[in-house]
Amino acid sequence: MHNWEASPVGGGGTTIAAIATAVVPQQGSISIVRLSGPDSVPIARRLFQAPGHQPWESHRILYGKVCHPVTQAVIDEALLLLMLQPRSFTRENVVEFHCHGGMIAVQQVLQLCLDQGAVLAQPGEFSLRAFLNGRLDLTQAESIADLVGARSPQAAQAAMAGLQGKLAAPIAQMRRTCLDLLAEIEARIDFAEDLPPLDEGELADQIQQILQSLTQLLATADRGELLRTGLKVAIVGQPNVGKSSLLNAWSRSDRAIVTDLPGTTRDVVESNLVVGGIPVQVLDTAGIREAHDQVEQLGISRSLRVAQEADLVLLTIDASQGWTRSDQALLETIMDLPKLLVVNKVDLVDQIPPLPTQPFQAVVYTAAAQAQGIQDLETAILQGTAQGQVSAANLDFAINQRQAAALGQAQISLENLLQTLADQLPLDFWTIDLREAVQRLGEITGEDLVESVLDQIFSKFCIGK
Ligand SMILES: Nc1nc2c(c(=O)[nH]1)N(C=O)[C@@H](CNc1ccc(C(=O)N[C@@H](CCC(=O)O)C(=O)O)cc1)CN2
Ligand SMILES: Nc1nc2c(ncn2[C@@H]2O[C@H](COP(=O)(O)OP(=O)(O)OP(=O)(O)O)[C@@H](O)[C@H]2O)c(=O)[nH]1
Ligand SMILES: [K+]
Ligand SMILES: [Mg+2]
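Every value quoted in this text rests on a predicted model; they were computed, and no experiment measured them.

Throughout the structure, instances matching the rule amount to 5 aromatic pairs. Judged by centre distance (6.4 Å) and plane angle (75 degrees), the ring pair of F48 and W56 falls under edge-to-face. Of the two residues, F48 and W56, neither departs from the other in class, the shared state being buried. Here the aromatic cluster, defined as three or more aromatic residues joined through ring pairs, consists of F48, W56 and F97. Its guanidinium or amino end placed over the ring of F126, R34 lies 4.4 Å from that ring's centre, counting from NZ or CZ. Here the basic side chain of R45 rests over the ring of W56, its NZ or CZ set 4.2 Å away from the ring centre.

Here it is as structure tokens:
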């Protein structure tokens, strides 16, 4: 758990330190140790020797050496970047040591900072400070994590939109409107005699408007989920139907071994693709049949497990064999799952054999060995997702599950309020629903603070973020 006490700008508080870059042995040309807090500059002064008369000023880079304060041993040749409050990411004094990459030198520099009194940062603590000091709202902080975790350019773009406040702005606007209405109603409760009566029609209109924008935001949730978590797609089928060929054609690679021997694939082969902006993990599996070989049997049980865990199953068959009893048996094991029928090797037949189409979302015809039909496959997959409704809303960010849950609760409260109005209940009742909506909207941006929400958000960050 975090200690949520903010270190106020310019005030006491701890100085935190962490390696801000990925720590990879023997790799990475540059690595950054980041400090934030009141002691960052004094700590840097004790560790960093800058030759000549380089000024220690904000937003300047100093060149020099990191030296052990006692032994004077040179730990690294480095650059030092100063960003003084409030002109920094956290709005505190920030110092960055730009060290050589790898692990050893940069970890020694971090250790020296800790020896000098800095405290190792918790995951997300730099971003948390940026939030607590008013530099970011919660949706922007969440967007930073999304940007770092993005697995497609579209996911990154949605995250950037969020980071630029495209979600924060409409939410804050809705909350402000609700607060204004709340103030009007409360004034009527307190000074009923002195004020003209509320125009209830006008009030209902405004609530309707908020509900409308709320619904638009909620419509981006499915795409958000897709962009963030992606799709897991399992290719299953009888041996030799061309599952591995399909994976290779789709990923334009030779990831999987292809031979004309049935039972070639034994283990799950994975390839990561992007389909229409959605990160897609494709899993090629061992062909399913009555196997006597123990290795193959183990492979087959893995295939079935992978299918059960997938978001979408591509049941692949050989067009020249038609729909077989084994295909039917396999279909029955995956009946509950979302699935497409992929009819492969269409180059071998003049006529498509009779096929069951009913339990499948779509049927796609491919010749994987000739890399044909991949576009149709992607189209069929995208049609099964929530892509359509999003382009309708025409928004470039996408909300996450936490935001969707809070928006959903705000929606319920506002709908309750409309009902309360319709039922002509007293003013006190109106304020209850409106207050609830304000609270939920405020939870999204962080204007109304809930500590458990903070923990949920920032503990998922990496250390140094
Ligand atoms: N080396 C390095 N690269 C980085 C970061 C960092 O902290 N260090 N960032 C970390 O996430 C991102 C950039 N984000 C940043 C956001 C704000 C400020 C900043 O100093 N803001 C001041 C504006 C300064 C000015 O106006 O001159 C401010 O908002 O007050 C710096 C980095 C990505 N790249
Ligand atoms: N004519 C034709 N042959 C294909 C096509 N796709 C795959 N093949 C051939 O079918 C054979 C089996 O292909 P694989 O991709 O290994 O089939 P698989 O389903 O992965 O087989 P297992 O891993 O053994 O279950 C190979 O000889 C491929 O070249 C296709 O679209 N048309
Ligand atoms: K094969
Ligand atoms: Mg195979």
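What follows picks up the thread again.
Moving on to the nonpolar core. With 31 residues, the main nonpolar core has I207, L407, L414 and L434 as its most contacted residues. Contributions of two or more residues to this core are made by α6 (168-190), α7 (200-218), α14 (401-422) and α15 (427-445). Ranked by residues supplied to this core, first place goes to α14 with 8 residues. With sequence-adjacent residues up to four places away left out, L407 is seen in contact with I171, L214, L217, L218, I399, L441 and I444.

Attention now moves to the coordination of the potassium ion (ligand 3). Surrounding the potassium ion (ligand 3) are the protein donor atoms N240 (OD1), T259 (O), L261 (O) and T264 (OG1), which sit 2.5 to 2.9 Å from the metal. Spacing between the donor residues of the potassium ion (ligand 3) along the chain follows N-x18-T-x1-L-x2-T.

Close approach of charged atoms allows side chains with opposite charge to pair. If you walk through the whole model with that rule in mind, you get 16 salt bridges. A salt bridge links R175 to E447; the nearest nitrogen and oxygen atoms lie 3.3 Å apart. Of this pair, R175 sits in helix α6 while E447 sits in the loop between α15 and α16 (451-458), and the two are 272 residues apart along the sequence. The salt bridge involving E443 is made with R440; its shortest N-O contact spans 2.9 Å. Taken as a pair, E443 and R440 lie in helix α15 at a separation of 3 residues, close to a single helical turn. What emerges from the salt-bridge pattern is a single network uniting E92, E125 and R129.

What follows concerns the side chain of Q411. Locating Q411 in the fold gives a position in helix α14. Non-local contacts of Q411, meaning those with residues more than four positions away in its chain, are made with L211, L214, T215 and L218.

Right, let's get into the packing of α14 against α15. Where α14 meets α15, the axes come as close as 8 Å, and the angle between the chain directions of the two elements is 165 degrees. Judged by the angle between their axes, α14 and α15 are roughly antiparallel. In terms of crossing hand, the pair formed by α14 and α15 is left-handed. Within the contact between the two elements, α14 uses R402, Q403, A406, L407, Q409, A410, S413, L414, N416, L417, T420 and L421 and α15 uses F429, W430, D433, L434, E436, A437, R440, L441, E443 and I444. Within the contact of α14 with α15, the residues separate by chemical class into 12 nonpolar, 5 polar and 5 charged.

Here we come to helix α3 (residues 125-132). With 7 of 8 residues buried, α3 lies mostly within the body of the structure. Looking only at α3, the buried set comprises E125, F126, S127, L128, R129, A130 and F131. Contact partners of the buried residues in α3: β1 (16-19), β2 (30-36), β7 (119-120), α4 (138-149), α15 and α16. Immediately beyond the C-terminal end of α3, within one or two residues, lies G134, with a positive phi of roughly 85 degrees.

Right, let's get into the site of ligand 2. Taken together, 23 residues are adjacent to ligand 2, and K243, S245, G263, T264 and T265 come closest. In the environment of ligand 2, an oxygen atom lies 3.3 Å from a nitrogen or oxygen atom belonging to the backbone of V241. A distance of 2.8 Å separates an oxygen atom of ligand 2 from a polar atom in the side chain of K243. Contact with the protein chains covers 88% of the free accessible surface of ligand 2, which is 640 Å². Most atoms of ligand 2, that is more than half of them, are within 2 Å of grid points of the second largest pocket. No other element matches the 3 residues that helix α9 (residues 243-251) contributes to the shell around ligand 2.

What counts, and where the lines are drawn
- Residues numbered from 1 in each chain as written.
- Chains lettered and ligands numbered in written order.
- Predicted model: local features only at pLDDT ≥ 70, side-chain atom pairs only at ≥ 80, totals over all residues.
- Heavy atoms only, no water.
- Phe/Tyr/Trp six-rings, centres within 6.5 Å; stacked < 30°, edge-to-face > 60°.
- Buried < 20%, exposed > 50% of the residue type's maximum accessible area, 1.4 Å probe, protein only.
- Lys NZ or Arg CZ within 6 Å of the ring centre and 35° of its normal.
- Core = buried A, V, L, I, M, F, W, Y, C linked by side-chain atoms within 4.5 Å.
- Helix = DSSP H or I, 4+ residues; strand = E, 2+ residues; numbered from the N terminus.
- Contact = heavy atoms within 4.5 Å.
- Donors = N, O, S within 2.8 Å, 3.2 Å for Na, K, Ca; no water.
- Salt bridge = Lys/Arg side-chain N within 4 Å of Asp/Glu carboxyl O.
- Axes fitted to C-alpha atoms, helices over the stretch in contact; angles between N-to-C directions.
- Parallel < 35°, antiparallel > 145°, perpendicular 65-115°, else oblique.
- Left-handed = near helix turned anticlockwise from the far one by under 90°.
- Nonpolar A, V, L, I, M, F, W, Y, C, P; charged D, E, K, R; others polar.
- Near = heavy atom within 4 Å.
- Polar contact = N/O pair within 3.5 Å; in protein donor to acceptor, adjacent residues only side chain to side chain.
- Areas by Shrake-Rupley, 256 points an atom, 1.4 Å probe, with all protein chains shown as cover.
- 1 Å grid on protein atoms, 1.4 Å probe; cavity = no way out; pocket = protein on both sides within 12 Å on 5 of 7 lines; lining within 4 Å.
- Sits in = over half its atoms within 2 Å of the grid points.

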